[in-house]
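Spelled out, the chains give:
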Amino acid sequence: MKSEDKQVITEVIGKYLWSDEIREMKEYVQHGEITTYRHVINVVKLCYLLDKRFNLKSDKEILLTSALLHDFYGYDWHNCSLRELHGFKHPLIAADRAAEIFDVDERVQDAIRTHMWPFTLLHVPKSKEAWILTVADKLASMSETLWMRGEKKPCKCACKCKCSCEKTDDVDEQRVYHKM
């Protein structure tokens, strides 16, 4: 990913990254050993790249914000009473939390609510941004589930913070995404 692409992403979602609620996603496992935080960052990048590659001209604020917050449900779904219903319920919970905590607009909430389509039959994506998010989430989830299991690596952050995040060997990417 080019530095100007990283800059666009950071300009849009950077304001959310230091909140305790976003950082809390690092504590929950999403797929295999991939944290919910790493998953949403993967989806953010993929949404951006799909939009750019296919010249879809989406609203980047809506697209990238909804990608960051699409799994903002705030619990470990592996260990809760909603486990069987998680796939159906979490988009609604995430959209409500995003509205309550970050005051995101209805277009972002709608993209979050519909990202699990076709699993959630009644919540069909309406906007271009919602469709991009839906596709990117499926692609990222498939990749994380099938090919990225067991890839958790010790932190190689340029700042040597010794966190347990999953980073690449690309120092420039670490600087841009360390906050994520």
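Reading guide: rules and limits
- Residues numbered from 1 in each chain as written.
- Predicted model: local features only at pLDDT ≥ 70, side-chain atom pairs only at ≥ 80, totals over all residues.
- Heavy atoms only, no water.
- Helix = DSSP H or I, 4+ residues; strand = E, 2+ residues; numbered from the N terminus.
- Buried < 20%, exposed > 50% of the residue type's maximum accessible area, 1.4 Å probe, protein only.
- Contact = heavy atoms within 4.5 Å.
- Areas by Shrake-Rupley, 256 points an atom, 1.4 Å probe, with all protein chains shown as cover.
- Polar contact = N/O pair within 3.5 Å; in protein donor to acceptor, adjacent residues only side chain to side chain.
- pLDDT = per-residue confidence, 0-100.
- Salt bridge = Lys/Arg side-chain N within 4 Å of Asp/Glu carboxyl O.
- Phe/Tyr/Trp six-rings, centres within 6.5 Å; stacked < 30°, edge-to-face > 60°.
- Lys NZ or Arg CZ within 6 Å of the ring centre and 35° of its normal.

A. Representation of the overall build of the chain in the model. Assigned secondary structure in the chain consists of 8 helices and 2 strands. For the chain, the α and β elements follow one another from N to C terminus as α-α-β-β-α-α-α-α-α-α. Residues classed as buried in the chain amount to 47% of the 180 residues present. Look at the contacts in the chain between residues 6 or more apart in sequence, and 60% of them connect residues 24 or more apart. Carbon and sulfur atoms provide 56% of the accessible area of the chain, an area that totals close to 9,400 Å².

B. Just helix H6 (residues 106-114), in detail. With 7 of its 9 residues buried, H6 lies for the most part within the structure. Those residues of H6 lying buried are Val108, Gln109, Asp110, Ala111, Ile112, Arg113 and Thr114.

C. Highlighting unusual backbone geometry. Phi is positive for Asn55, which is not a glycine, with a value near 50 degrees. The class of Asn55 is exposed, set by a relative accessible area of 53%. Backbone geometry at Lys57 places phi at a positive 55 degrees, although glycine is not the residue there. By secondary structure assignment, the location of Lys57 is in the loop between helix H3 (36-53) and helix H4 (60-69). Classification of Lys57 as exposed rests on a relative accessible area of 60%.

D. H4, seen in detail. With respect to burial, H4 is a largely interior element, 8 of its 10 residues being buried. Among all positions in H4, only Ile62, Leu63, Leu64, Thr65, Ser66, Ala67, Leu68 and Leu69 are buried. Where H4 begins, the side chain of Asp59 points an oxygen toward the backbone nitrogen of Glu61, at a separation of 3.0 Å.

E. Quick peek at the confidence of the model for the chain. Here the chain averages 80 in pLDDT, and 72% of its residues register 70 or above. Across the chain, the secondary-structure element scoring lowest on mean pLDDT is helix H8 (residues 171-177), at 40, and the one scoring highest is H4, at 98. Taken together, the stretch residues 151-156 has pLDDT below 50 and engages in 14 contacts with residues farther than four places along the chain or on a different chain. Considering only residues more than four positions removed or in separate chains, one finds that residues 164-180, a stretch of pLDDT under 50, has 54 contacts.

F. Local environment of the pattern of salt bridges. Taken as a whole and assessed by the stated rule, the structure comprises 7 salt bridges. Between Asp105 and Arg107 there is a salt bridge whose closest N-O contact spans 2.9 Å. A salt bridge links Asp110 to Lys126; its shortest N-O distance comes to 3.4 Å. In this pair, Asp110 is assigned in helix H6 and Lys126 in the loop between H6 and helix H7 (128-146), connecting sequence segments 16 residues apart. Owing to a relative accessible area of 12%, Asp110 belongs among the buried residues under this scheme.

G. Structural view of the packing of aromatic side chains. Evaluation of the coordinates by the stated rule reveals 3 aromatic pairs. Ring centres of Tyr16 and Phe102 lie 5.0 Å apart, and the angle between their planes is 85 degrees; this geometry places the pair in the edge-to-face category. Here Tyr16 is found in the loop between helix H1 (3-13) and helix H2 (20-23), whereas its partner Phe102 is found in helix H5 (residues 86-102), with 86 residues between them in sequence. Owing to a relative accessible area of 18%, Phe102 belongs among the buried residues under this scheme. An aromatic cluster is built from Tyr16, Phe72 and Phe102, whose rings are joined through pairwise contacts. Above the ring of Tyr37, the side-chain terminus of Lys26 is found at 4.7 Å from the ring centroid. Above the face of the Phe72 ring, Arg97 is positioned so that its terminal group lies 4.2 Å from the ring centre.

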